[in-house]
Every structure is written in C-alpha cells, then in structure tokens.
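# Fold and contact review
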Amino acid sequence: MTDFQTIDLLAILPEIALTALGVLVLVLDVTWRGKIRQQLGVVTAVGLFAIAALTAVFTYPAESQLLYGGMMRHDLLAFVMRLIFLVAAGFTALLSVDVDNLGRRGEYYAVLIAAVIGMNLMAASADLIMLYLALETTSISAYILAGFLFNEERSAEAGMKYFLFGAVTSTVMLFGFSLLFGFAGTTNLYQIGTTIQANSLAITVIAVLVLVGVGFKLAVFPFHFWSPDVYEGAPTPVTAFISTASKAAGFAVLLRVFLIAFDGTNLQSASNWLPLLTSIAVVTTSLGNLVALTQKNIKRLLAYSSIAHAGYALMAFTAIQSAPVQAEAVAAVVYYLVTYVLTNLTAFGVIILVAKNVGSDDVAAFAGLNKRSAGLSLAMLVAFLSLGGIPPLAGFVGKFFIFMALVKANLLWLAIVLAVNSLIALYYYLLVLNVVYNRPVAEGATEIQVSAPYRVALTALCVGVVVFGVIIAPFYDPITRIFDLVK
Amino acid sequence: MIPTSYFIILSAILFTLGAIGVLVRRNAIVIFMAIELMLNAANLAFVAFARQFGAENGQVLVFFVMTVAAAEVAIGLALIVAIFRNKQSINIDDLHELKG
Amino acid sequence: MTVQVALFIALAAVAIVAAIGLLRAKNAVYAALCLVSNFGVVAVLYILLGAPFLAMVQITVYAGAIMVLFVFVIMLLGAEHLEHEDHLLLQGPLGWLLGLGLAGLVTFAAISANLSAPAELPAEVSANFGSPGSIGHLLLTEYVFPFEVISFLLLAAMVGAVVLTLVQREKKARRSLRNPQQS
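Keep in mind that what you see is a predicted model, and the values were worked out from it rather than measured.

Of regular secondary structure, chain A possesses 22 helices and 2 strands. Computed over the C-alpha atoms, the radius of gyration of chain A is 21 Å, within 12% of the 23 Å expected from 2.2 N^0.38 for a compact globule of 487 residues. Over its C-alpha atoms, taken along the principal directions, chain A stretches across nearly 65 × 55 × 40 Å. Considering chain A as a whole, with its 487 residues, one finds that 64% of them fall into the buried category. Of the contacts formed within chain A by residues at least 6 apart in sequence, a portion of 80% connects residues at least 24 apart.

See the structure below:
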C-alpha cells in the first residue's frame, strides 16, 4: 500500500461522517430525557441531509480510481448511489419521528445509519471481501430494523423471516464468490473481469449462485417470497427504507458485479447470463403486478408493486446486450431508481400517517382520505400516479427511458411487456386512488393531524417527484456517463 | 500432496447437505445450524483455492467471513429468543401471523 | 494412495457423516454436537491446507464461541426436543431432490473452476504461509480498510443485540415494581 493521500480520506468522507452521526445519536439517546427525544429523528435527518450535501460538494470523483489496495472504487456510480441512500435514509428518519416505540429510540436511528454505511460501501466496493462485508453490514442492520418492535408478533416474525432468507441467500452467494475466486485466483472484481471466458457453463452456474444473493436484495422472482411478509410485518418506516434504499443498493451491486466481474460490457461473456436475467425480469414484473391486483392490505400491495418495479429496472439492465445502448441502459436503471425511491417514500409516508390514525393497513382505511386531509390525499395522488407512470411525474420519465433503451436495443417484445404491465399496474393504483377520493368517510373519523417533520418530508418528496418528472436533462445527462466511468 | 479438487468436491458435498438441511428441517435453530454448515463449506473452498494459488487473500476472506458469522449468529439467536417469547415455539410453520 | 490422501478421505468421511447427522438429529443438542465435530474436522483440513491461523480461529470462534451460543439458546428455551418435524409429506423428498440437483450443479461448477485454474497444488509456499504473523500483517496493511469496517459491523450487531433485550428488561422491572411478590 502506498502512502496515505487526501483522496483516500475523501473517498470515505461520507462513511466517516455517518459514523460520527451514529455516535452522536447514541450519545443524545442517553442524555436527552422527556419531550426533547422527539427531536432525535430530526437530528438524524438533518445530519443525513447535511452529509448528503457534503458528499455532493466534496466527493465528486474527478477520475475513477481504485483505492485501499483495490478494496474500493471511487467513481460516479458510487457517488450517485451514495446520494440516493443518504437522501432516502434522511426522509426515512423524518417519517419515523411520530411512530410509537420507534421514533424516540436513539438505537433505531443508529442502526439505520449503520445500514446506510453498509449500502454506501456496497455501491463502492470493488473486491469480493469488501462486497461481502458491506452486504452483511446492510443485511444485519436491516434484520435488526425489521424486528425492532419485537414485542409485536408481526415485527418479530418479519425480522425472523427476513433473517432466515437473507442468511441462506448470502451464504449461497458466498459459495459463488469462492468459485469465482477459484476461477480467477484473485478477489478483485476488476481483475476477475479479465479472466472470465465467453460461453462457459461454469460461469453461468457461478452467476446463478451470485444472483441468489443479489436477487434477495432486489426481491426479484424467485427470491421475492420474503418481501410481502417482511413489508407487512416490519415497522412501516423500515418497510419504506427496505423497499427503496435496500433495493437500490442491490442494483448498485448488480451493476458493478455483472458489468465488471462478469464482464457484461463484452457481449460474448454477457451471453452466459443475460438470457437468465431477461427471463427473471419478465417473470418478476408480470408476477408482481398480477398478484398486486388481489391485495387488500396496502403494504402488501406496495410490496408486490415494488417487486414489479424491480423487474422494470432489471429489464432496462438487459438492454446492455446492444453495444451502442449500454450507457443509456445503465442510465435508465439509475434514473428509474431515483424516481422509484422518491415516489415510494412518498407513498409510505402517507401510509404511516393514515395507519397511525386509523390503526389499520387495509386499503379500506383510506376511504375518503381527501375529506380528512387534503394535503395527504394530494401526496397520495402524486405518489400513485407517479408509480403508475403518468406524466408529468417522475415515474413516467423513468419508464420512458427504460422504454427507449429497450426499443433502441431492438428488444421490442420486452418494451411491449413493459407497456402491458404498466397498464395493469395503473389499474390497481387507480383503484386505490378511487378509494381515497370517492369512498365515503368512515363513521367517527377525524381530520388527520400532520406534524411538522412529516409536512416537510412529504412536501419535499412531492416536489422531488414533480421536479424529476419535469426538469430532466440536468439529472439525466451526468448519469449517462456512469457506464463509461465504471469500467 | 492432496489435489485441490478433492477439497472442492468435499466442500460442494457439505454445502449441498447444508442446503438440504435448510429445505427439509422446520426448526429455526436447526435451520440456522444448517446455514452455518453451508458457510463452513464455502470457507473450505476458499482456503483450498487459496492454497492452490498460494494467495493468502483467500484466507483473509475466510477470517472476515467467520467474524461476520459471529455477528450474524448473535442477531439471529436474539430474534429466535424474541420469537420464542411471543409464541412459545420456534417451528417456522408456526410463523403464520403474516399471510395474505 | 499416499498417507495424506488416506488421511483426507478419513477426515472427509467424518465431516460428511457429521453433516448427515445434523440433518437427521431428533434432538437439537445432538445436531449441535454433529456441527461441532464437522467444524473440528474442517479445522484439521485447514492445517492440511496450510492455514494454521484459520484452523485456530475455527476452533476458538466457530466450534467454541458460536456453538456455545447455540447450545446456550437451546438450553435457555428448553427447545432441545424437536416436535412435529417433517409433517409435510412432499417436503422431505422434494428437498432432497432439489438438493441433489444443486449438488450436481455446484460440483460441476467447482470442478470446472478448478480445471481452469493454472495447476494442481503449487509446489512451494513460504514456511509462514497462513501463519498468524503473516495473516496479521496482511490484515493491518492491505486489508486495513475492511478490518475497520468489520469492527463497525460488530459494533452495529452489538447495539442490535442490546436493543433486542433492553426493552424486555425495562418491562420486567416495571412489572416487578407493581407486584413485588412475584419477582
């Protein structure tokens, strides 16, 4: 290892700051008593947004490089993904403030921050060792978060299921890593990429083993079984976090591992696993949307819908099989993730407030929401129309880029699958909105009070959803370079 | 010397036995033990390949995996205890609070 | 067949028998014992593979600390007798079938990964290959960053484990304040 340089420190600046924030929250947890504890979530959120700003200003990678003896890669993919995780966690913290048994617990925010550190490292790791450690840091923190309200049976059960599925899949992936190491004789992803051969059945099998672990994070078919149960049972802010940031982290790993270690930029080696990814994407999307049609519980409905959304993003990734479209395909994945994260957080923010007021997660609990809180029903409208892909909201632009990438890559049949699925999805999103706007209010229902942190978070999220749907170029143009810079 | 492939085949067999354990057993603690068996098999493959390449980084990775396993066991067993306090059972067929 | 190969086959047989024992045990403590013997055998294999440090860690951390934790929880919950196992008719055979398919795939990938590797066992490695000194040196130079990350991971897990027991204690304390005679 060479001498320590400024860039070494800059590259892990967000993680250092996050560690400090985590310690600060734990100290405040011990010292603050009484009403002021409500501010724990606000402190965490402000800290996370400040770190996001710090990251954006100071850690923009002038050039891609491997750091810490090849452990980490400092490049645009890691930079953009870090911002997504930090912002998503910031909103999650704001949306947790009023949740019973959760919002005033310093440990909750500390573990949330630990999960963010794990995700940041997932996006940046360039070595099997680092990747495994980062994945496990994220997973272990997420198990704790899902089971946090362990006195409630549902939460404990969610934590247990999440844990068993996660432990098994990560072990299968580790075995895949060991074979990859045996194949290449190195643990560095970038060196592994140079030894991968085209059309080798062994590579396909190894790719399947690795995909088990990544697929668990993405919650794609056939590794999605845990997600509806965990989404329903976990505390709702945790569900929001797992369904957005954790999924995005999975995609960060997917992009780097399959583009670099499995040499996805080379079509010959990509043919080892691309057909597999394509079929997974199609089945995931269709299955997610069809099952979502029958759901009565809003958290389960969003669970299946988020399975479908992961399928859309995976479809975009399969467009790398056409050489000129590769950069666009990767950009479409990342842009879609940004829009999906913002939109889903908005939806879960509304669900947290309604569920707290009504005490139920059923779709029926949303009857006549527009009479009980105009603001909340507006946020719900923005979120669900964006999920359904209606212009001028972010979800539409995200889907549009995927559609264009698929068409340009001559994958017309996939583009049609995407369009048909979007229609099915739009149907059940509109059904929910119908309940919100056209059903009579239940007897004795009162106006829903929205406290300041929630008002700030939901307003910012809605503005974000609109901004990413209207002002596109400043965000999209930089991320088209991710593909070139990751290589 | 023992050929590396012997170790890899043994590791594959142990890994598969662990996977079968996860699939057929219903008790959370036993499933968890089967997961540890799978982890152990993956470690064995790493060490065998490390010997073959004369590369110590495979061994370092195993060291990290063992540490992670320790952390994972602590959390997993804590969750098992929490479930048991709620339900007086750690049979995963009894985890049916969440279904739809 | 050299002595080493004979030794390997004997050890492998013990490891496999122990693993099958884990699958079939009707008592969770027996399952734990099977797992400990498997870990022990693998530690010996590590020594054969020139990894004395890992062999040591395997015994102390895996066979020692982790398994003690398992047995402790089994005893704490009084869950050593495993009831109503295997009541799903198809699950047993289906699991074994899936497992065998997996075995085929994994073995295939393992062997072909091995074939593509440059050679059978490298003739020479230095005398302190895999020794505590050599691994320790790597951990604090080339792998210093993951080493820091793992310390953080352990901290997070520790906070988590504390959280998952803390509330229970507070609740109990409150309950015993209300009915002092019960505590």
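After that view of the structure, there is still more to cover.
What follows covers the overall build of chain C. Helix and strand content of chain C: 6 helices and 0 strands. Taken from N to C terminus, the helices and strands of chain C fall in the order α-α-α-α-α-α. Buried positions account for 31% of the 183 residues belonging to chain C. In chain C, of all internal contacts separated by at least 6 residues, the share reaching a separation of at least 24 is 54%.

By a widespread convention, an interface's size corresponds to the accessible area lost as its parts come together. With 61 residues of chain B at the interface, the matching set in chain C holds 72 residues. Every element with two or more residues in the side of chain B that touches chain C is listed here: α1 (4–24), α2 (28–53) and α3 (57–87) of chain B. For the side of chain B that touches chain C, the element with the highest residue contribution is α3(B), accounting for 20 residues. Of the residues assigned to the side of chain B that touches chain C, the class counts are 45 nonpolar, 11 polar and 5 charged.

Quick look at the packing of α3(B) against helix α5 (residues 132–140) of chain C now. Between α3(B) and α5(C), whose axes approach to 10 Å, the crossing angle comes to 80°. For the element pair α3(B) / α5(C), the angle class is roughly perpendicular. Judged by residue contacts, B:Q59, B:V60 and B:F63 of α3(B) engage C:I135, C:L138 and C:L139 from α5(C).

Once that is clear, we can look at the interface of chain A and chain C. With 29 residues of chain A at the contact, the number on the chain C side is 25 residues. Going through the elements one at a time, α5 (106–124), α6 (128–146), α7 (153–184) and α9 (201–218) of chain A are the ones with two or more residues in the side of chain A that touches chain C. Broken down by element, the residue count for the side of chain A that touches chain C peaks at 8 residues, all from α6(A). Of the residues contributing to the side of chain A that touches chain C, the split by class is 20 nonpolar, 7 polar and 2 charged.

Residues A:A316 and A:V333 are the most contacted members of the largest nonpolar core, which totals 303 residues. Apart from residues no more than four positions distant in its own chain, A:V333 is found in contact with A:F251, A:L255, A:A313, A:A316 and A:F317.

What follows deals with the environment of A:V220. Structurally, A:V220 is set in the loop between α9 and α10 (226–233). Here the alpha-carbon distance between A:V220 and A:T284, two residues 64 residues apart in the chain, equals 5.7 Å.

This paragraph deals with unusual backbone geometry. Residue and element names in this part refer to chain A. Of the consecutive residues F221 and P222, the connecting peptide bond is found in the cis state with omega at -5°. Inspection of the secondary structure assignment puts P222 in the loop between α9 and α10. That bond from P391 to P392 is cis: its omega, 5°, falls within 30 degrees of zero. Mapping P392 onto the fold places it in the loop between α17 (374–388) and α18 (394–408). The phi dihedral of Y68 falls on the positive side, at around 55°, and the residue is not glycine.

Next up on the list: the domain arrangement of chain A. Residue and element names in this part refer to chain A. Considered domain by domain, chain A is made up of domain 1 (13–267) and domain 2 (273–487). Look at where the C-alpha atoms of domain 1 and domain 2 centre, and you get two points 21 Å apart. Domain 1 puts 46 residues into the contact, and the matching count from domain 2 is 49 residues. Going through the elements one at a time, α3 (39–58), α4 (76–96), α9, α10 and α11 (236–261) are the ones with two or more residues in the side of domain 1 that touches domain 2. Per element, the largest residue contribution to the side of domain 1 that touches domain 2 is 15 residues, and it comes from α11.

Time to look at the packing of helix α15 (residues 326–358) of chain A against helix α20 (residues 452–470) of chain A. Residues and elements named next belong to chain A. Between α15 and α20, the least distance of the axes is 9 Å, while the angle of their chain directions is 150°. By the angle between their axes, α15 is roughly antiparallel relative to α20. Two packed elements cross with a definite hand, and for α15 against α20 that hand is left-handed. Where α15 approaches α20, its residues V338, T339, L342, T343, L345, T346, G349 and L353 are matched on the opposing element by Y454, A457, L458, L461, C462, G464, V465 and F468. Across the contact of α15 with α20, the residue classes tally to 11 nonpolar, 5 polar and no charged.

Moving on to helix α13 (residues 274–292) of chain A. Along its 19 residues, α13(A) runs 27 Å from first to last C-alpha, staying within 8% of the 27 Å computed at 1.5 Å per residue. Of the surrounding elements, those touching the buried residues of α13(A) are α14 (298–318) and α19 (412–438) of chain A.

Right, let's talk about α17(A) for a bit. All names here are of chain A. Here α17 is 15 residues long and its end C-alpha atoms lie 21 Å apart, about the 21 Å a rise of 1.5 Å per residue gives. Counting buried residues along α17, 11 of its 15 residues qualify, which places the element largely inside the surrounding structure. Within α17, the full set of buried residues consists of L376, S377, A379, M380, V382, A383, F384, L385, S386, L387 and G388. In the stretch just after α17, G389 is the one whose phi turns positive, near 85°.

A word on the environment of B:S11. All names here are of chain B. Position of S11 among the secondary structure elements: in helix α1. For S11, a count of 31 C-beta atoms within 10 Å gives the class buried. The spacing of S11 and A42 is 31 residues in sequence and 6.7 Å in space, taken between C-alpha atoms. If we ignore the near neighbours within four places in the chain, the residues touching S11 are A41, L44, A45 and A48.

Thresholds, definitions, all that
- Residues numbered from 1 in each chain as written.
- Chains lettered and ligands numbered in written order.
- Predicted model: local features only at pLDDT ≥ 70, side-chain atom pairs only at ≥ 80, totals over all residues.
- Helix = DSSP H or I, 4+ residues; strand = E, 2+ residues; numbered from the N terminus.
- Rg over C-alpha atoms; globule rule 2.2 N^0.38 Å.
- Buried ≥ 20, exposed ≤ 12 C-beta atoms within 10 Å, placed from the backbone.
- Contact = placed C-beta atoms within 7 Å.
- Nonpolar A, V, L, I, M, F, W, Y, C, P; charged D, E, K, R; others polar.
- Axes fitted to C-alpha atoms, helices over the stretch in contact; angles between N-to-C directions.
- Parallel < 35°, antiparallel > 145°, perpendicular 65-115°, else oblique.
- Core = buried A, V, L, I, M, F, W, Y, C linked by C-beta atoms within 7 Å.
- Domains from an automatic or database assignment.
- Left-handed = near helix turned anticlockwise from the far one by under 90°.
- Expected span 1.5 Å × (residues − 1).

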